[in-house]
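Each chain, written out:
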Amino acid sequence: MHFVYNIHDIFPGSAYDIGVLKNRVLDRIFRFLQKFAYRRCKKIIAMSDDMKEKLLEENVPENKIVVINSWFDSDSVKYISNEENTFIKEYNIDCSKLIIQFAGNVGQVFGLYEFATLVNLLKDNKDIQFHIIGSGVKLDLLKELTNTCNNILFFPWQHQSRMSEIYSYCDIEIIPLHKGVIGNDVPSKIALAMSCGKPILNIVERSHYFDMFEENTIGFSFEHDEINLIKSLLEKILDDKNMLKKYEDYTKNFAISYFSKSKNTDLVLKCIEDFFNN
């Protein structure tokens, strides 16, 4: 039997290395099953160019791989002004500060120590604030690592219906990734934040993903040992928040062009049609 294999996360990928999967025997079993699926499928849909490179490293033939970005419902996420934002009112958020937000799962792929280092480096700056919205297995440790910092606030997990409010009020959405994640996984929240006109600040190793943000004026990327450079950037933006204005249109347009549901579902359907026609 042949089939189309749509990969959102390469598993096990880096799961053993970052501690998600702790049993080496299970890791080897999953890798065997993974390679079996690669051999038997007729086409593989990868979520990014970095994921395609990972598949090529596993000796998957290039003519099997089709890159189609993950997508979001562009009709359900849109910018909401601060005056109309009920999340701001509910939590009495001070939007005069430079707000760096992470909304999502503080889990195994979250770059915990780099993010905590950044928060601590800026803890004496009362005008820069970090917001964590969500939960996860690393949340308690993050709170422990930043327990002397008054510049970080934690908010509970929010329903999907509030995504527009959440991504609209921040100045920057931060995506700190554990080393080894990129290529095996693709951060899904970047499209949601960009659809609200927000630039993305990444902590990630060099990759296609890393380069995409500067090349398209949709955000910033730094490697894991460049936390002091991030600190300097945020202090510079604080001095002139108008620096972020130029990202508004670029991020919204990029989100629609590359991550819209209509475009990418059409590409998936075409891949399936090719599967049956060939």
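Above this text sits the structure in question.
Quick caveat, the model's predicted, so the values are computed rather than measured. (Residues numbered from 1 in each chain as written. Predicted model: local features only at pLDDT ≥ 70, side-chain atom pairs only at ≥ 80, totals over all residues. Heavy atoms only, no water.)

K.L.:
Would you mind going over the sheet that holds strand β6 (residues 152-155) in detail, with residue names and values included?
P.N.:
What the six strands build is an open sheet, ordered β6-β5-β4-β7-β8-β9; its pairing is parallel. Each edge of the sheet is formed by a strand with only one pairing partner; in this case those strands are β6 and β9 (219-222). The average angle at which neighbouring strand axes cross in this sheet is 20°, direction not considered. Across two bridges, the pairing between strand β4 (residues 98-103) and strand β7 (residues 172-176) is parallel. Considered in β7, the bridge of glutamine 101 is made with glutamate 173. Across the sheet, helix α5 (residues 112-121) touches β5 (128-133), β6, β7 and β8 (200-203), and the angle it forms with β5 is around 145°. (Pairing = 2+ DSSP bridges. Helix = DSSP H or I, 4+ residues; strand = E, 2+ residues; numbered from the N terminus. Axes fitted to C-alpha atoms, helices over the stretch in contact; angles between N-to-C directions. Contact = heavy atoms within 4.5 Å.)

K.L.:
Account for the sheet that holds strand β3 (residues 65-67), naming residues and giving values.
P.N.:
Strand order in the open sheet made by the three strands is β1-β2-β3, with parallel pairing throughout. Looking at the sheet topology across the chains shown, the edges are occupied by β1 (4-6) and β3. Strand after strand, the sheet turns through a mean of 20° between neighbouring axes, direction not considered. Pairing between strand β2 (residues 43-46) and β3: three bridges, direction parallel. From the neighbouring strand, isoleucine 44 faces β3, where its bridge partner is isoleucine 65.

K.L.:
Run through the packing of aromatic side chains, naming residues and quoting values.
P.N.:
For the coordinates displayed, the defined rule picks out 13 aromatic pairs. Through a chain of ring-to-ring contacts, the aromatic side chains of Phe87, Tyr91, Phe155 and Tyr169 assemble into a single cluster. The ring of phenylalanine 154 has lysine 143 sitting right over it, with the charged end atom 5.3 Å from the ring centre. One Lys or Arg, lysine 263, reaches over the ring of tyrosine 258 and ends 5.2 Å from the middle of that ring. (Phe/Tyr/Trp six-rings, centres within 6.5 Å; stacked < 30°, edge-to-face > 60°. Lys NZ or Arg CZ within 6 Å of the ring centre and 35° of its normal.)

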